[in-house]
Amino acid sequence: MTTRELARLATAIENGAPVPADLPAGTGLTIGVTGPPGAGKSSLVDAITAELRRRGKTVAILAVDPSSRSTGGAILGDRIRMQRHHADPGVFIRSTATRGASGGLARTSIALAQLFRKAGFDFTILETVGVGQDEIDIAGHADATVVVLVPGMGDDVQAIKAGIMEIADLFVINKADRPGVEQTQREIEAMLSLGHTQVPLFRTVAIDGTGVAELTDALEARERRPQTAKPITCALDHLGIAVRSIEDSLPFYAAQLGLEIASRETVEHEKVKLAMLPAGQARIELLEALSPDSGIAKFIEKRGPGLHHVALRVPDLNATIARLEAAGVRLLGAPQQGAGGHTYVFVHPAASGGVLWELIQS
Ligand SMILES: Nc1nc2c(ncn2[C@@H]2O[C@H](COP(=O)(O)OP(=O)(O)O)[C@@H](O)[C@H]2O)c(=O)[nH]1
Ligand SMILES: [Mg+2]
């Protein structure tokens, strides 16, 4: 496949086309590189690429840059930084900020990575920013994920802990030429020992190549992960049950069914208080009106207490909303910020055969 053909196929995938089925599976490795902005991810990818080229390996690079989270300047910077590989036919570089026609940024990125592997590259490297849901989804499809940190991150290490634990196969402390390396290494090791996890840790200076050969050795030694990564799908999040009084309803759910209350919350703008009772992967939310003009109070007045809504987590809420709007489905108001910082929107029951659906960004 020529570079031109590959570029054309990549654009088609960004526009919603599937990965061509007639291509061979490919035997290369897919490596995710993630970490906070400015950690030196692009510099490191550039250095790893140079090292892999010295070893005769071909490399495709995908810089994933959600435009909502950074400016176009970052992508441009990446392009310029990687100019030295520009004329090398053994290196293919692509930036994407596209959510694709068929769903999220993660889905588009994963499809592009599959295309590059099928095109026969020995390594496909995906650079993503931060540790959000997109990165976690992308990491699920990589054979190995490198999390890049820098000295002196302090509290940041704590802040990104949960996401990192989930996805890191290798840690890199880049900018090891800067002070605070030992401290950061201790913080990472402390974090790892809490999770009883063994993850190799490397120190690099991406701008002069220090430590890059060792990191590349480790990447070359990785095995391909079996392609069992689960597709990103919808999941039931909770059932909202309108009750006259949470306290009066609790004995049935808690004492008799044995569900435990995980938390209680008040959602001021909905004028409700709620108790959350986890049930497997989903939960039950008991909803009690705080005022007669709350939606829950009106619901009870009209239909009596009972199942009020069902909530579904979707992989890309914006894409789902766009599809619903295109199909003429009525939404109840604009997307809102929920208590946990998540975004949600309600779909009018007329569209769904009488059920009020809440859609939540997963
Ligand atoms: N001192 C030092 N600077 C570095 C190193 N790696 C990258 N940088 C610099 O850090 C800045 C951000 O690098 P970049 O690769 O764009 O980071 P990214 O946002 O994570 O992709 C650039 O000015 C790089 O030259 C390193 O190992 N040491
Ligand atoms: Mg970058």
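Position labels on residues start from 1 in each chain and follow its written sequence. For naming, the first written chain is A and the first written ligand is 1, with later ones following in the order written. Totals for whole chains, interfaces and linings use every residue, but because this is a predicted model, local features are given only for residues with pLDDT of at least 70 and side-chain atom pairs only at 80 or more, for both listing and counting. With hydrogens and water excluded, all non-hydrogen atoms of the structure serve as input to the side-chain values.

(A) Focus on unusual backbone geometry. Of note, the phi angle at K175 is positive, near 60°, even though the residue is not glycine. Structurally, K175 is set in the loop between β6 (170–173) and α8 (181–194). By relative accessible area, which is 22% here, K175 ends up partly exposed. A positive phi is found at K271, a non-glycine position, where the angle reads about 55°. Secondary structure elements follow DSSP: runs of H or I of four or more residues count as helices, runs of E of two or more count as strands, with numbering from the N terminus. Burial status follows relative accessibility: with a 1.4 Å probe on protein chains alone, a residue under 20% of its type maximum counts as buried, one over 50% as exposed, and anything between as partly exposed.

(B) Quick peek at the pairing of strand β10 (residues 272–279). Sheet topology note: the strand β9 (residues 263–267)/β10 ladder contains 5 bridges and is antiparallel. Counterpart to S263 in the pairing with β10 is M276. Two strands pair under a simple rule: DSSP has to find at least two bridges between them. Summarising the sheet, β10 and strand β11 (residues 282–289) pair through 8 bridges and their orientation is antiparallel. Looking across to β11, one finds that K273 is bridged to E288. Hairpin connection of β10 to β11: 2 residues between the antiparallel strands, including G280 at a positive phi of 65°.

(C) Region of the structure containing the environment of V199. One can find V199 in the loop between α8 and β7 (201–203). Overall, V199 belongs to the buried group, its relative accessible area being 14%. Expressed as a C-alpha distance, the spacing of V199 and E189, which sit 10 residues apart in the sequence, is 9.0 Å.

(D) Expanded view of the sheet that holds strand β4 (residues 123–129). The strand order across the open sheet formed by 7 strands is β3-β2-β4-β1-β5-β6-β7, and the pairing between neighbours is parallel. Where the open sheet ends on each side, the last strands, each with one partner, are β3 (91–96) and β7. Neighbour-to-neighbour, the strand axes of the sheet open up by a mean angle of 20°, direction not taken into account. As paired strands, strand β5 (residues 144–149) and β6 are joined by 4 bridges and run parallel to one another. Note that in β6 the partner of V148 across the bridge is V172. The sheet contacts of helix α4 (residues 105–118) involve β1 (29–35), β2 (59–64), β3 and β4, and relative to β2 the element is tilted by about 170°. Convention adopted: a line fitted to C-alpha atoms gives each axis, helices being fitted over their contacting stretch, and angles between N-to-C directions are expressed from 0 to 180 degrees. Between two residues, a contact is recorded if the distance between any of their heavy atoms is within 4.5 Å.

(E) Structural detail: empty space enclosed by the protein. Using a grid of 1 Å spacing that covers the protein atoms alone, one calls a set of points a cavity when a 1.4 Å probe fits there but cannot get out, and a pocket when the set is open and has protein on both sides within 12 Å along at least five of seven lines; lining residues are those with an atom within 4 Å of a point. Grid points are joined across faces, edges and corners, and a volume is the space filled by probe spheres set on the points. Taken as a whole and assessed by the stated rule, the structure comprises 1 cavity of 30 Å³ or more. Approximately 40 Å³ is the volume found for the largest cavity. Lining of the largest cavity is provided by G32, V33, T34, L126, T128, E135, I138, A139, T145 and I167. Those elements that place two or more of their residues in the lining of the largest cavity are β1, β4 and α5 (133–139). Following the grouping adopted for this structure description, the nonpolar residues are Ala, Val, Leu, Ile, Met, Phe, Trp, Tyr, Cys and Pro, the charged ones are Asp, Glu, Lys and Arg, and the polar ones are all others, Gly among them. The class makeup of the residues in the lining of the largest cavity is 5 nonpolar, 4 polar and 1 charged.

(F) The nonpolar core, seen in detail. Remark: nonpolar core denotes a set of buried residues (Ala, Val, Leu, Ile, Met, Phe, Trp, Tyr, Cys) joined through side-chain atoms within 4.5 Å. Judged by nonpolar contacts, the single largest core of 39 residues is most densely connected at I31, L44, I48, V146, F171, L215 and L219. Setting aside its immediate chain neighbours within four residues, I31 contacts F123, T124, I125, L126, A142, A144, V146 and L219. Core analysis: the second largest hydrophobic core is formed by 21 residues, A10, V19, I110 and F116 among them.

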